[in-house]
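Survey of secondary and tertiary structure
Listed here are the chains, written in short residue letters.
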Amino acid sequence: MPRSRRSGSAKTSSARFRNRHGRTLRSSVTGPHLPPLRTRIDLFEMTVASTADYLKGVWPDELADVRFEIGAIPLGMPAEGAPVARWSVIGRRIILFRLPIQRMSKLHRDDELHKRMVIESCVFRAVAELLGKDPWDLAPDRYRHF
């Protein structure tokens, strides 16, 4: 008489947590010991948010009601020979376009620091356009060591 698989053995309760060959335990793709993956979109959003928070701390009255938004690409085609917009200032809204900033910037060194500097410079230039100031005047103490 064949034995039933549902017999009261200790192996059945632990076998469902193993892979189909019974060798190792199942886990998520990254595993519990690895940090979650960081994507380019996450890094872009964190850089824009930290730069916007810094500028709001330096210019609290002027940037109190300004909204920073992230868009993928600008709508519409640019005119012949005109550059692709990296940001747009509409009223009290600043929209930063992620793909033109990330893909169309010509970096002399392609590392995370220089990518972050390009994003920060676009935020500074967009805020300078909104306030009618020079980007270097927004945070003079930040660049004093150069």
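The preceding data block contains the structure.
Residues numbered from 1 in each chain as written. Predicted model: local features only at pLDDT ≥ 70, side-chain atom pairs only at ≥ 80, totals over all residues. Heavy atoms only, no water.

Here we come to the sheet that holds strand β2 (residues 87-90). Spatially, three strands are ordered β1-β3-β2 in an open sheet, and the strand pairing comes out mixed. Either end of the sheet is taken by a strand with one partner, and the two such strands are β1 (67-71) and β2. Averaged over all pairs of adjacent strands, the angle between strand axes in this sheet comes to 20°, irrespective of strand direction. Note that β1 and strand β3 (residues 93-97) share five bridges and pair parallel. (Pairing = 2+ DSSP bridges. Helix = DSSP H or I, 4+ residues; strand = E, 2+ residues; numbered from the N terminus. Axes fitted to C-alpha atoms, helices over the stretch in contact; angles between N-to-C directions.)

End to end, helix α2 (residues 40-58) covers 27 Å across 19 residues, agreeing with the expected 27 Å (1.5 Å per residue, within 8%). For α2, every residue scored as buried is listed here: Phe44, Thr47, Val48, Thr51, Ala52 and Leu55. Taken down its axis, α2 places every buried residue within 125° of arc, on the same side. Set apart from the buried face of α2 by more than 90 degrees, the exposed residues are Asp53 and Gly57. On its buried side, α2 packs onto β1, β3, α3 (98-103) and α4 (112-131). (Expected span 1.5 Å × (residues − 1). Buried < 20%, exposed > 50% of the residue type's maximum accessible area, 1.4 Å probe, protein only. Arc of directions from axis to C-beta. Contact = heavy atoms within 4.5 Å.)

Our next topic: the nonpolar core. Residues Leu55, Leu63, Ile94, Leu96, Ile101, Val127 and Leu138 are the most contacted members of the largest nonpolar core, which totals 21 residues. Looking at this core, the elements that each hand over two or more residues are α2, β3 and α4. Element by element, the count of residues in this core is highest for α4, at nine residues. Excluding its chain neighbours within four sequence positions, the residues that come into contact with Leu63 are Leu55, Lys56, Arg92, Val127, Leu130 and Leu131. (Core = buried A, V, L, I, M, F, W, Y, C linked by side-chain atoms within 4.5 Å.)

Running from N to C, α2 and α4 cross one another at 45°; their axes reach a closest spacing of 9 Å. Comparing the axis directions of α2 and α4 gives the class oblique. Crossing hand, α2 versus α4: right-handed. Between α2 and α4, the residues in contact are Leu43, Phe44, Thr47, Val48, Ser50, Thr51, Ala52, Tyr54 and Leu55 and Glu112, Arg116, Ile119, Glu120, Val123, Phe124 and Val127, respectively. A class-by-class count of the residues in the contact of α2 with α4 yields ten nonpolar, three polar and three charged. (Parallel < 35°, antiparallel > 145°, perpendicular 65-115°, else oblique. Left-handed = near helix turned anticlockwise from the far one by under 90°. Nonpolar A, V, L, I, M, F, W, Y, C, P; charged D, E, K, R; others polar.)

Moving on: the pattern of salt bridges. The full count for this structure, using the stated rule, is five salt bridges. Residue Asp110 pairs with Lys115 through a salt bridge whose shortest N-O separation is 3.6 Å. Asp110 sits in the exposed class, given a relative accessible area of 61%. For Lys115, a relative accessible area of 41% translates into the label partly exposed. (Salt bridge = Lys/Arg side-chain N within 4 Å of Asp/Glu carboxyl O.)

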